[in-house]
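Coordinate inspection notes
Below are the chains, spelled out letter by letter.
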Amino acid sequence: MDKGAYVFIVDPRASKVEIREAVQEAFAVRVASVNTLIRKGKRKRNRKVAGFGRRPDQKRAIVRLVGDDRIELFES
């Protein structure tokens, strides 16, 4: 947050442009860049039934803001 970067978990089908527009509209800030990554879900053991399950994949967006813009929700 010191460098104006925030991480959001977003819908896997969302594009960078859609993420940029949603953050600008929701928090009234200017977005400089959006980077995305997909974290694979972990394989977890199921104790009730012999075997393994899997947690879902997550898409994350790293959003950098312009200049001194801040999201007040995360600053407290």
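Report on the accompanying structure. (Residues numbered from 1 in each chain as written. Predicted model: local features only at pLDDT ≥ 70, side-chain atom pairs only at ≥ 80, totals over all residues. Heavy atoms only, no water.)

1. A look at the side chain of Lys-59
Locating Lys-59 in the fold gives a position in strand β5 (residues 58–65). One polar contact links the side chain of Lys-59 to the main-chain carbonyl oxygen of Ala-14, over a distance of 2.6 Å. (Helix = DSSP H or I, 4+ residues; strand = E, 2+ residues; numbered from the N terminus. Polar contact = N/O pair within 3.5 Å; in protein donor to acceptor, adjacent residues only side chain to side chain.)

2. Overview of the pattern of salt bridges
Counting across every chain of the model gives four salt bridges. Across the pair Asp-57 and Lys-40 runs a salt bridge, and its minimum N-O distance is 4.0 Å. Here the residue Asp-57 occupies a position in the loop between β4 (52–54) and β5, and Lys-40 occupies one in the loop between β2 (31–39) and β3 (43–45), the gap between them amounting to 17 residues. Taking the shortest distance from any N to any O, the salt bridge between Arg-54 and Asp-57 comes out at 3.2 Å. Accessibility expressed as a relative area gives 55% for Arg-54, which makes it exposed. (Salt bridge = Lys/Arg side-chain N within 4 Å of Asp/Glu carboxyl O. Buried < 20%, exposed > 50% of the residue type's maximum accessible area, 1.4 Å probe, protein only.)

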